[in-house]
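Inside the fold
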Amino acid sequence: MSDARRAIPSLERLLSSAELEPLLQREPRERVTNILRSIQNEQRAAPPSATPDASWYAGAVAARIARANEHSLRAVINASGVILHTNLGRAPLAQAAIDAIVGVAAGYSNLEYDLEKGTRGSRYSHCTELLCALTGAEAALVVNNNAAALVLALNTVALSRSVVISRGELVEIGDTFRIAEIVERSGANVLEVGATNRTHVADYQRALPNAAALLKVHRSNYQMAGFVSDVDAATLARLKTPGVPLIHDLGSGLIEDFADLGLPHEQTAGEAIQLGADIVTMSGDKLLGGPQAGIIVGKAELVERMRRNPLCRALRVDKLTIAALEATLQCYARGTARSEIPVLRMISAPLREVEQRAKQFQQRLQKLGVNADVIAEPSTIGGGAYPGVELPSAIVRISGNAKQLEAKLRNSRPPVVARIADNHVLIDLRTVLPAQEAVLADLITHE
Ligand SMILES: *Cc1c(COP(=O)(O)O)cnc(C)c1O
């Protein structure tokens, strides 16, 4: 045995030492023993240079317990200015949605119980009416996320058959999510038509006799320019033959347009239905501003087949999601979406409002001894919605050691996610909730 290994004290000695005593009084003996054992196993694999004493072990065990007691998933302050930040959980929920999760879904609920009849009900009944009213669709179905919605739709209508899709729409959306691979995994075959930059009506026409479905996909964060052309959803709807449905993967799930804010026109779910799509799929947590969910709206007969598909059980939506989605959709129904749903509030916040918040925050920091100024720098919508669109914004730029400050903020409680540019930390208040501003100022100035 090496000296270092011999120097590792026995478990019994450590457990009976005065140093471990306070820990053993508040923690189960087995928990402390297991942690000590794993620390010692690590030491046997990589012997420490100095010989740790009992008080060192007590400290190490306490630190591991403290870490285990913390949540791995933590609330952060998003100062990045990216409104739908996929790494930060996309859409922050409306207060009404938060209240519904806590007050409605967290305990027992009528999730699958028909209160009128006193019989078994369906979890898929809950958001249906609202979704139909908001999109003009005949029927609706909510599953786990939009990728699941797409898999379920294709598996239902095109299993072992061909789905026609333009080469220009075979995109990768992020984190290795590729439309072509999703179609294949759904059990359908990809029937590519057109060229990368141009797809024509005739390309679809040639493929139609062999097709079980036509698929139109929003290109998300990918844009094409120059010598390009594609076939719009309305033309595809006119082209399709009976029994070959048009499935439109809208991606973001816009319910109301933002044209009044000067943003380029994006198709809403209602428009996609009106233009003749048989099925429209979209995310719950992108521009819709709700929880992660996959929303399917469209023809009643097709939606019913999807609901009966055994795969639907594997992709089914959770009760917390249903509660939050229903509350979010109610904001749209009562016409208060822009004021109640944080994502919409952030997108529609006027520049002068963001500027004013930035100036006040900069003065607050200055008073606390932090050197900062306000610069014009755009926020982004993110999440593949509104590709290429930037929102003119005003950003607080902090001078000093940017790398050090960024790391300090990232490791603070709560953590703050900010950008670095030209050796400055940039704070974009557009994505910071007003109630978080005081805490944020403290975290920036705190040593
Ligand atoms: C984001 C997106 C998806 C995936 O949606 P999730 O809800 O993240 O599963 C699918 N298709 C398009 C066009 C998208 O933009």
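Residues numbered from 1 in each chain as written. Predicted model: local features only at pLDDT ≥ 70, side-chain atom pairs only at ≥ 80, totals over all residues. Heavy atoms only, no water.

**A closer look at the site of the ligand**
Going by this rule: Note on definitions. A residue lies near a molecule or strand when any single heavy atom of the residue is within 4 Å of it. Contacts described as polar in this section are N or O atom pairs within 3.5 Å, which, within protein, must combine one atom able to donate a hydrogen with one able to accept it, while residues neighboring in sequence count only if both atoms come from side chains. The Shrake-Rupley method, run with a 1.4 Å probe, gives the accessible areas here. Residue values count only the displayed protein chains as cover. Helix and strand assignments come from DSSP, with helices taken as H or I runs of at least 4 residues and strands as E runs of at least 2, each series counted from the N terminus.
Near the ligand the following residues occur: Arg90, Asn145, Asn146, Ala147, Ile173, Phe177, His218, Ser220, Asp249, Gly251, Ser283 and Lys286. Within the side chain of Arg90, one N or O atom sits 3.0 Å away from an oxygen atom of the ligand. Between the ligand and Asn145 there is a distance of 3.2 Å, counted from an oxygen atom to a side-chain nitrogen or oxygen. Its free accessible area being 380 Å², the ligand has 94% of it covered by the protein chains. For the shell around the ligand, the elements supplying multiple residues, two or more each, are helix H8 (146-158) and strand E11 (246-251).

**A closer look at the side chain of Thr281**
The following threshold applies: When a residue's accessible area, from a 1.4 Å probe over protein chains only, is under 20% of the maximum for its type it is buried; when over 50% it is exposed; and in between it is partly exposed. Whether two residues touch is decided by their heavy atoms; if any such pair falls within 4.5 Å, the residues are in contact.
Within the element layout of this structure, Thr281 appears in strand E12 (residues 279-283). Judged by its relative accessible area of 0%, Thr281 is buried. Among the polar contacts made by the side chain of Thr281, one reaches the side chain of Asn146 at a distance of 3.2 Å. Not counting residues within four places of it along the chain, the set of residues in contact with Thr281 comprises Asn146, Ala149, Leu150, His248, Asp249, Leu250, Gly251, Ile295 and Ile296.

**A few points about helix H5 (residues 54-69)**
Our working rule: Between the first and last residue of a helix there are one fewer steps than residues, each counted as 1.5 Å, and that sum is the expected span. Within this analysis, the arc is defined by the directions that extend from the helix axis to the C-beta atoms.
For H5, spanning 16 residues, the distance from its first C-alpha to its last is 23 Å, which sits close to the expected 22 Å at 1.5 Å a residue. Every buried residue of H5 is listed here: Ala54, Tyr57, Ala58, Ala60, Val61 and Ile65. Along H5, the residues classed as buried sweep out an arc of 165° about the axis, all on the same side. In this fold, the buried residues of H5 make contact with helix H2 (11-15), helix H3 (21-26) and helix H4 (29-45).

**Some words on the packing of H8 against helix H13 (residues 300-308)**
As a reminder, the rule being used: Between N-to-C directions, angles cover 0 to 180 degrees, with each direction set by a line fitted to C-alpha atoms, over the stretch in contact for helices. Small angles under 35 degrees read as roughly parallel and large ones over 145 as roughly antiparallel, with 65 to 115 read as roughly perpendicular and the rest as oblique. All amino acids are sorted into three groups, where Ala, Val, Leu, Ile, Met, Phe, Trp, Tyr, Cys and Pro are nonpolar, Asp, Glu, Lys and Arg are charged, and the leftover types, Gly among them, are polar.
At a minimum axis separation of 9 Å, H8 and H13 run at an interaxial angle of 105°. Classified by the interaxial angle, the pair formed by H8 and H13 is roughly perpendicular. Residues Leu152, Ala153, Thr156 and Val157 of H8 touch H13, and the partners they reach there are Leu302, Arg305 and Met306. Considered class by class, the residues forming the contact of H8 with H13 number 5 nonpolar, 1 polar and 1 charged.

**Let's talk about the pairing of strand E10 (residues 211-217)**
Remark: a regular strand shows side chains that alternate across the two faces of the sheet. Basically, it comes down to this: The rule for pairing is simple: two strands pair if DSSP sees at least two bridges between them.
Of all 7 residues in E10, 7 are buried, a share of seventy percent or more. Direction of pairing for strand E6 (residues 162-166) relative to E10: parallel, over a ladder of 3 bridges. Across the sheet, Ser162 pairs through a bridge with Ala211, a residue of E10. Sheet topology places E10 next to E11; 4 bridges connect them, and they run parallel. Bridge pairing in E11 links Leu215 to Ile247.

**Brief notes about the pattern of salt bridges**
Rules: When a carboxyl oxygen of Asp or Glu lies within 4 Å of a side-chain nitrogen of Lys or Arg, that pair is called a salt bridge.
One pass over the full model with this rule turns up 26 salt bridges. Between Arg219 and Asp230 there is a salt bridge, and its shortest N-O distance comes to 3.1 Å. Placement of Arg219 in the loop between E10 and helix H11 (233-239) and of Asp230 in the loop between E10 and H11 is noted, with a sequence separation of 11 residues between them. Arg219 gets classed as buried once you look at its relative accessible area, which sits at 19%. Bridged by salt links that share partners, the residues Glu112, Arg120, Arg123 and Arg316 form one connected network.

**A word on the environment of Asp318**
With respect to the element layout, Asp318 can be found in the loop between helix H14 (311-314) and helix H15 (319-333). Residue classification places Asp318 among the partly exposed positions, given a relative accessible area of 37%. Considered as a pair, Asp318 and Arg161 are 157 residues apart in the sequence and their alpha carbons are 30 Å apart. Among the polar contacts made by the side chain of Asp318, one reaches the main-chain amide nitrogen of Leu320 at a distance of 2.9 Å.

**Looking at the state of the cysteines**
Applicable threshold: For this text, the term disulfide refers to a pair of cysteine sulfurs within 2.5 Å.
Counted by the stated rule, this structure contains 0 disulfides. Free of any disulfide, Cys132 has its nearest cysteine sulfur in Cys127, 11 Å distant. Exposure remark for Cys132: the relative accessible area of 14% places this residue in the buried category. For the unlinked cysteine Cys312, the closest cysteine sulfur is that of Cys127, found at 14 Å. Judged by its relative accessible area of 1%, Cys312 falls in the buried class.

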